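Structural overview
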Amino acid sequence: MPDKKSNLKLANNSILRNEWVAGLIGYLTTMYIVVVNGSILSEAGISLESGMIATILASFIGTLLMGIFGKLPLIVIPGMGINALFAYSIIGGTNLTFHEGLAVVFIAAIVFLITAFTKLGVLFKKAIPDSLKHAITVGLGLFLILIGLEKSGLVSKGSNTIIAIGDFTSSTVIVSLITLFLAIFLFVKNIPANFLITMLLGTIIAAIGGIIQPGNQSLQVEWSDVLFIPSFNAIGELSFWLSVFPLSMILIFENMGLLHGQLSMLKREDQYQRAYQVTAFSTLTCAFLGTSPTVSAAENAAVIASKGRTRITAIIASFLFLATIVLIPWITMIPNTAISPILIIVGFLMVQNIKQLPLDNLSESLPAFLIVVMIPFTYSIADGMAFGFIAYPIVKMAIGEKHELSAPLLVISSLFLLDFVIKMIGI
């Protein structure tokens, strides 16, 4: 019969194998972010290669920090939805440059850190109604779906309408449609690493369709591609601070929700505060790496299901991310037709939060509805949020429920209103 020492050794080997497998699965299920986030960042003013490098380094550092200091098997990557806010609203929707946008990330990260090390996080969480929080998530989801449809060519600007269906005689649209249906099939079948498989097969389909562009087979890395210096030239402008607010709020609430859920699955809720602090510090590094902020990945559910339980899982995944740098010359060939289905599916997942809206309560649902529709319709996350945050106190006061309005919420609503007034008078 085997002795206790042999049994213990076998058990330890089994645990270590589980950690390696979980780390690999975690990497494969989140590796898509390198391409998707790099593509979104490239629309904010940097090269695709720089965006990919920034994404890789942010994922490497964030996940490594979570492993070493958080002592948890959680992967940290740039957040979907947050990257759209950064690229299309903070930079694309204002007069801020890319480096000034990174200054917004820096200030938002400082706010995030303050909430992580003080009781301000709880106060901030209570100040914003749940209906508005859920509405922001739904609005972000619709925004990602719209971006995905545009990237695929399935919708375009119409001659007589704002949006029209794409040209279905175009090879790009045909390839996008085939890839989208393939992505949906893989997703609903719950195939492991379905997003990664979608990108690989989507690239092959694009090559067959003759729309793929050859990639640069050599990677020239400059320090400017690795380290960025945030610019605070616009810190005195109202648009700068109105960009800080939505970014800070989404960072705080999204990480709170993700970490609570993941630590509950791990049955380690007592480690929440440390994990929250590590995530906040990871966000701060993004301002110098040149990317939108990181969050605890939603795909960590797959890591936990794969029996990842210790820091080893995160450390393995982090170094796999770092090794991805050598693949950049090849993954730059992945076309928009292979990326857009992922944006559409992730957007769909976020839209499911609409189930959390109290649709039977008009004073809550009407302002929330304004956020949901105005984010995609104005093509601005900040402006879309403004409509809901301005409407909320107006509706509550109209029905005599002003006691439900907190002072922080009134300040936030006033700032959004002030921004609208300034835009109207053209200051």
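Please read all numbers here as calculations on a predicted model, not as lab measurements.

Secondary structure assignment for the chain yields 18 helices and four strands. Within the chain, the fraction of its 427 residues that count as buried is 54%. At a minimum sequence separation of 6, the contacts of the chain that also span at least 24 residues come to 79%. With an accessible surface of roughly 18,900 Å², the chain has 69% of that area assigned to carbon and sulfur atoms. When the 22 positive and 21 negative side-chain charges of the chain are each reduced to one mean point, those points stand 15 Å apart.

This brings us to the nonpolar core. Core analysis: the biggest nonpolar cluster contains 121 residues, and L247, M249, M385, F389 and F416 have the highest contact counts within it. For this core, the element with the highest residue contribution is helix α10 (residues 238-266), accounting for 15 residues.

Taking 1.5 Å of rise per residue, 23 residues should cover 33 Å, and helix α7 (residues 130-152) covers 33 Å from first to last C-alpha, within 8% of that figure. In terms of burial, α7 is a largely internal element, 17 of the 23 residues being buried. In the stretch just after α7, G153 is the one whose phi turns positive, near 85°.

Our focus in this paragraph is the pattern of salt bridges. Charged atoms that come close allow side chains of opposite charge to pair. In the structure shown here, the tally under the stated rule is five salt bridges. A salt bridge links E364 to K396, with the nearest nitrogen and oxygen atoms 3.0 Å apart. Taken together, the positions of E364 in helix α16 (residues 362-378) and K396 in helix α17 (residues 381-398) put the pair 32 residues apart, joining distant regions of the chain. Note on accessibility: E364 and K396 belong to one class, buried. Of the charged contacts, one joins K396 and E401 as a salt bridge, the two residues approaching to 3.1 Å between their closest N and O atoms. A residue is classified by how much of its surface remains accessible, and K396, at 1% relative accessible area, is buried. Among the charged side chains, a network of salt bridges with common partners joins E364, K396, E401 and E404.

Moving on: a nonpolar patch on the surface. Judged by side-chain polarity, I110, I114, L120 and L123 come together as a nonpolar surface patch covering roughly 310 Å² of accessible area. Those elements that place two or more of their residues in the nonpolar patch are α5 (98-117) and α6 (120-127). Tracing the backbone shows L120 in helix α6.

Turning our eyes to something else, we now look at unusual backbone geometry. Residues other than glycine seldom take positive phi values, yet K71 does so here, at roughly 55°. Following the sequence through the fold, K71 ends up in the loop between α3 (48-68) and β1 (76-78). Here K71 falls in the partly exposed class, since its relative accessible area comes to 36%. Of note, K267 is a non-glycine position whose phi angle comes to about 60°, a positive value.

Summarising the element assignment, L357 is placed in the loop between α15 (336-351) and α16. Taking the C-alpha atoms as reference points, L357 and S131, separated by 226 residues in sequence, lie 5.6 Å from one another. Sequence-distant contacts of L357, defined by excluding residues within four places in its chain, comprise S131, H134, A135, A368 and V372.

Right, let's get into the packing of α3 against helix α11 (residues 272-289). Running from amino to carboxyl end, α3 crosses α11 at an angle of 155°, the nearest separation of the two axes being 9 Å. As the angle between them shows, α3 and α11 are arranged roughly antiparallel. The element α3 and its partner α11 pack so that their crossing is right-handed. Between α3 and α11, the contacting residues are A54, L57, A58, I61, G62, L65 and M66 on the first element and A275, V278, T279, F281, S282, T285, C286 and L289 on the second. Residue composition of the contact of α3 with α11, grouped by class: 11 nonpolar, four polar and no charged.

Within the structure shown, the criterion is met by 18 aromatic pairs. Consider the rings of Y32 and F195, whose centres lie 5.0 Å apart with planes at 75°: the pair is edge-to-face. Of this pair, Y32 sits in helix α2 (residues 32-42) while F195 sits in helix α9 (residues 194-208), and the two are 163 residues apart along the sequence. On the basis of relative accessibility, which here comes to 8%, the residue F195 falls in the buried class. Look at F112 and Y276: their rings are 5.2 Å apart centre to centre, the planes differ by 70°, and that puts the pair in the edge-to-face class. Here F112 is found in helix α5, whereas its partner Y276 is found in helix α11, with 164 residues between them in sequence.

With that settled, the discussion passes to the confidence of the model for the chain. Interpretation of the predicted coordinates at a detailed level should be avoided for regions scoring low in pLDDT. For the chain, per-residue confidence averages 88 on the pLDDT scale, and 93% of positions sit at 70 or higher. When mean pLDDT is taken per element in the chain, β1 scores highest with 97 and helix α1 (residues 4-30) scores lowest with 74.

So, how was this worked out
Residues numbered from 1 in each chain as written. Predicted model: local features only at pLDDT ≥ 70, side-chain atom pairs only at ≥ 80, totals over all residues. Heavy atoms only, no water. Helix = DSSP H or I, 4+ residues; strand = E, 2+ residues; numbered from the N terminus. Buried < 20%, exposed > 50% of the residue type's maximum accessible area, 1.4 Å probe, protein only. Contact = heavy atoms within 4.5 Å. Areas by Shrake-Rupley, 256 points an atom, 1.4 Å probe, with all protein chains shown as cover. Lys, Arg positive; Asp, Glu negative; His and termini not counted. Charge placed at Lys NZ, Arg CZ, Asp CG, Glu CD. Core = buried A, V, L, I, M, F, W, Y, C linked by side-chain atoms within 4.5 Å. Expected span 1.5 Å × (residues − 1). Salt bridge = Lys/Arg side-chain N within 4 Å of Asp/Glu carboxyl O. Patch = residues over 30% accessible without salt bridge, like charges linked within 9 Å, V, L, I, M, F, W, Y side chains within 5 Å. Axes fitted to C-alpha atoms, helices over the stretch in contact; angles between N-to-C directions. Parallel < 35°, antiparallel > 145°, perpendicular 65-115°, else oblique. Left-handed = near helix turned anticlockwise from the far one by under 90°. Nonpolar A, V, L, I, M, F, W, Y, C, P; charged D, E, K, R; others polar. Phe/Tyr/Trp six-rings, centres within 6.5 Å; stacked < 30°, edge-to-face > 60°. pLDDT = per-residue confidence, 0-100.

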